[in-house]
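Residue-level structure breakdown
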Amino acid sequence: MLPAIDRFTLDELFAQDGGGCGMTLWHRDDGMRSPGYLFFNGLAQPSADAIALMKLNGEFIRFRRIAASGDEFYGQQTSQTFASPDDAIQLQIDVALGEPGEIESVSVAGTLQLQQNGEMTEIPVLGDAGC
């Protein structure tokens, strides 16, 4: 059974040492600017120190990026794969770049796939990336 994917707030994100430069994604159904996020991937130097966060079954899980390809933007790439610490859950994030935002940012749209034990769910997402 797949874990519940919970939304989280900016305050919760900062409490997890997330936030700042990076990419946030939210459910496409929540509209152009949602206060409830599904995914965050930070921009860190070196990039091996970057953290990706999701809130699953009420708990924050830190993911690590295990593969990436496509166009680069703000420490992200248009296709990225992440794994949970125990490798039980994989995330596949595929986005297309949209219009540049007002302040060092770009909008994105795409899909977030969560896979565990051969099961998969796909969520249409909107988001933004920048500093």
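The text that follows walks through the structure, step by step, so that each part is easy to find. (Residues numbered from 1 in each chain as written. Predicted model: local features only at pLDDT ≥ 70, side-chain atom pairs only at ≥ 80, totals over all residues. Heavy atoms only, no water.)

1. A short note on the overall build of the chain
When helices and strands are tallied, the chain shows one helix and nine strands. Scanning the chain from its N terminus toward the C terminus, one meets helices and strands in the order β-α-β-β-β-β-β-β-β-β. Taken over C-alpha atoms, the radius of gyration comes to 13 Å for the chain, in line with the 14 Å a tight globule of 131 residues would show. C-alpha atoms of the chain, sized along the principal axes, occupy 40 × 30 × 30 Å. Looking at the chain as a whole, 43% of its 131 residues are labelled buried. Residue pairs at least 24 apart in sequence account for 46% of intrachain contacts in the chain once pairs closer than 6 positions are excluded. Of the accessible surface of the chain, which amounts to about 6800 Å², a share of 49% is contributed by carbon and sulfur atoms. Within the chain, one finds 7 positive and 19 negative side-chain charges whose respective centroids are separated by 2 Å. (Helix = DSSP H or I, 4+ residues; strand = E, 2+ residues; numbered from the N terminus. Rg over C-alpha atoms; globule rule 2.2 N^0.38 Å. Buried < 20%, exposed > 50% of the residue type's maximum accessible area, 1.4 Å probe, protein only. Contact = heavy atoms within 4.5 Å. Areas by Shrake-Rupley, 256 points an atom, 1.4 Å probe, with all protein chains shown as cover. Lys, Arg positive; Asp, Glu negative; His and termini not counted. Charge placed at Lys NZ, Arg CZ, Asp CG, Glu CD.)

2. A closer look at the nonpolar core
Of all hydrophobic cores here, the largest spans 22 residues; its most connected members are Met23, Leu25, Phe39, Met54, Phe63, Leu91 and Ile93. Listing elements by their share of this core, those giving two or more residues are strand S2 (22–27), strand S4 (52–56), strand S5 (59–73), strand S7 (89–100), strand S8 (105–116) and strand S9 (119–130). Within the second largest apolar cluster, nine residues are counted, among which are Leu13, Tyr37, Phe40 and Leu53. (Core = buried A, V, L, I, M, F, W, Y, C linked by side-chain atoms within 4.5 Å.)

3. What to know about the state of the cysteines
Disulfides are covalent bonds that connect the sulfur atoms of two cysteines. Enumeration according to the criterion identifies one disulfide in this entry. The partner cysteine of Cys21 in its disulfide is Cys131, sulfur to sulfur 2.4 Å. With the S-S bond torsion at 125°, the cross-link from Cys21 to Cys131 turns out right-handed. Taken together, the residues Cys21 in the loop between helix H1 (10–15) and S2 and Cys131 in the segment after S9 connect sequence positions 110 residues apart. (Disulfide = S-S within 2.5 Å.)

4. Some details on the pattern of salt bridges
Between side chains of opposite charge, a pair can form as their charged atoms come close. Within this structure, the stated rule accounts for three salt bridges. Between Arg7 and Asp30 there is a salt bridge, and its shortest N-O distance comes to 2.8 Å. Taken together, the residues span a long stretch of sequence, with Arg7 in the loop between strand S1 (5–6) and H1 and Asp30 in the loop between S2 and strand S3 (39–42) at a distance of 23 residues. A relative accessible area of 42% places Arg7 in the partly exposed class. With a closest N to O distance of 2.4 Å, Asp87 and Arg64 form a salt bridge. Taken together, the residues Asp87 in the loop between strand S6 (76–83) and S7 and Arg64 in strand S5 connect sequence positions 23 residues apart. For Arg64, a relative accessible area of 36% translates into the label partly exposed. (Salt bridge = Lys/Arg side-chain N within 4 Å of Asp/Glu carboxyl O.)

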